[in-house]
Amino acid sequence: MPGTFSQLDGHEQVVFGHDEASGLRCIIAIHSTVLGPALGGTRMYPYDSEEDALVDVLRLSRGMTYKSAVTGLDLGGGKAVIIGDPATDKTEALLRAYGRMIESLNGRYVTACDIGTYSTDMGIIGRETRWATGSDIVEGGSGDSGVMTALGTYVGIKACAERVFGDASMAGRHVAIQGVGKVGRRLAEHLAEEGCKLTVADVNDDATGDLADRLGADVVAVEDIHAVDADVFSPNAMGAVINDATIPQLQCRIVAGAANNQLAEPRHGQALADAGVLYAPDYVINAGGVIQVGDELHPDGYSADRVRARVERIGERLSAVFVTAEREGLPTAEAADHVAEERMAAVGRLRGFHLPR
């Protein structure tokens, strides 16, 4: 595949998997194991090409490294993609073949849910490997990680409001939500409960219709949601939504959502700052899911109370990033990178530290 090595960004290992009998085509990218096993979800999506799938998994896996580091977890970063339509191509045989692929990596990569995969899928994958997290509670897992991702995003939005408006309350504020799937729907419910005005958009008309009926949300087209005159624009779908075309159209004061890789290019973080828009770095605000599934690896076993307490501190971590950005004169995304890199350098070196005999 031309250009493969030039696309790597410090990745330790990239594995292409294929099982002809089940139709499995997958890519597992391990970006870093400096702080621990590379944890990251499996995305199943009908990519147009293997090149597109590779670009996506490389960016996502790097983001997981920084997410785990800035969140204070003893985990590295990885990600996987299965090339296919989850509605038509997903089978037990395919998922179990994928589980065997993960098992062959001997614990270097730990998977979880992502777009196109669910807790039930993790249960099937887990029949072939011990390194699958986020399966249903009845299967011994912690369940749907979207619950904690949504909670963390909500907490993060409140921290952004405190920073910009001097008040964390979302009562009477207006949030435009792009994507109301597993995370965006729950985020909308949190915000509505606090008295927030909502405008939503999604490719799934049933999903937006449900929120219009239940929460009184306004509905706009997907291509228009970023330009809604709102206090907060919250991307919760695919990445690269913050780009040269959308930034001039933003009418919000805050961009804060759970989507991965929201900035099409790193320079767009500075562009947001120049436009007077506070950006919540995606891998900081959306860390609730990785906090949850990562806790399944805790030596004492999974604790829902411990997870919730850590997720509720996401606002504090965001606030610390904002302070760093202001102090160092950096866009918030770059400041978050610095915080993560400092922890990887300081803590990662201890893995090579041994007491004298």
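Each chain has its residues counted from 1, running along the sequence as written. It should be noted that, the model being predicted, local features are given only for residues of pLDDT at least 70 and side-chain atom pairs only at 80 or more, the latter also being counted only at that level, while totals for whole chains, interfaces and linings use all residues. To get the side-chain values, take all heavy atoms of the structure and skip hydrogens and water.

Colleague: Would you mind going over the confidence of the model for the protein chain in detail, with residue names and values included?
Modeller: Across the protein chain, the average pLDDT comes to 94, with 95% of residues at or above 70. Scored from 0 to 100, pLDDT records how confident the predictor is in each individual residue. Two residues qualify as a contact provided that any one of their heavy atoms is within 4.5 Å of a heavy atom in the partner residue. Across residues 352-357, where pLDDT falls below 50, the model places 0 contacts with residues more than four positions away in sequence or in other chains.

Colleague: How would you explain the nonpolar core if you had to name every residue and give the values?
Modeller: Buried Ala, Val, Leu, Ile, Met, Phe, Trp, Tyr and Cys residues that are joined via side-chain atoms within 4.5 Å together make up what is termed a nonpolar core. Only protein chains enter the accessibility calculation, which uses a 1.4 Å probe; a residue is then buried when its area is under 20% of its type maximum, exposed when over 50%, and partly exposed in between. With 54 residues, the main nonpolar core has Cys160, Met170, Val175, Ile177, Leu191, Leu198 and Ala256 as its most contacted residues. Every residue in contact with Met170, bar those within four places of it in the chain, is listed here: Ile157, Lys158, Ala161, Val175, Leu191, Glu194, Gly195, Cys196 and Val232. Ala80, Ile82, Ile125 and Ala132 belong to the second-largest nonpolar core, a separate cluster that totals 21 residues.

Colleague: Hey, could you go over the sheet that holds strand β12 (residues 278-279) for me, with residue numbers and the actual values?
Modeller: The criterion for strand pairing is that DSSP finds at least two bridges linking the strands in question. By the criteria applied, helices consist of DSSP H or I runs no shorter than four residues and strands consist of E runs no shorter than two, each listed in order from the N terminus. Overall, parallel pairing links the 6 strands, which are arranged β9-β8-β7-β10-β11-β12 in an open sheet. Each of the sheet's edge strands pairs with one partner strand only, and the pair in question is β9 (218-219) and β12. Across 4 bridges, the pairing between strand β7 (residues 174-178) and strand β10 (residues 232-235) is parallel. Paired with Gln178 across the bridge in β10 is Pro235.

Colleague: With reference to specific residues and values, describe the packing of helix α5 (residues 146-165) against helix α6 (residues 184-193).
Modeller: Between N-to-C directions, angles span 0 to 180 degrees; the directions come from axes that are lines fitted to C-alpha atoms, helices contributing only their stretch in contact. Where α5 meets α6, the closest approach of the two axes is 8 Å, and the angle between their N-to-C directions is 45°. The pairing of α5 with α6 is recorded here as oblique in orientation. Considering only the axes of α5 and α6, their crossing is right-handed. Contacts from Gly146, Val147, Ala150, Leu151, Thr153, Tyr154 and Ile157 in α5 reach Arg186, Leu187, His190 and Leu191 in α6. Note that Gly is not counted as nonpolar here; it falls among the polar residues with everything else outside the nonpolar set of Ala, Val, Leu, Ile, Met, Phe, Trp, Tyr, Cys and Pro and the charged set of Asp, Glu, Lys and Arg. Its residues placed into classes, the contact of α5 with α6 shows 7 nonpolar, 3 polar and 1 charged. Any angle that falls under 35 degrees is termed roughly parallel, while one over 145 is termed roughly antiparallel, one within 65 to 115 roughly perpendicular, and all others oblique. For a crossing to be left-handed, the near helix must be turned anticlockwise from the far one by less than a right angle; the clockwise case is right-handed.

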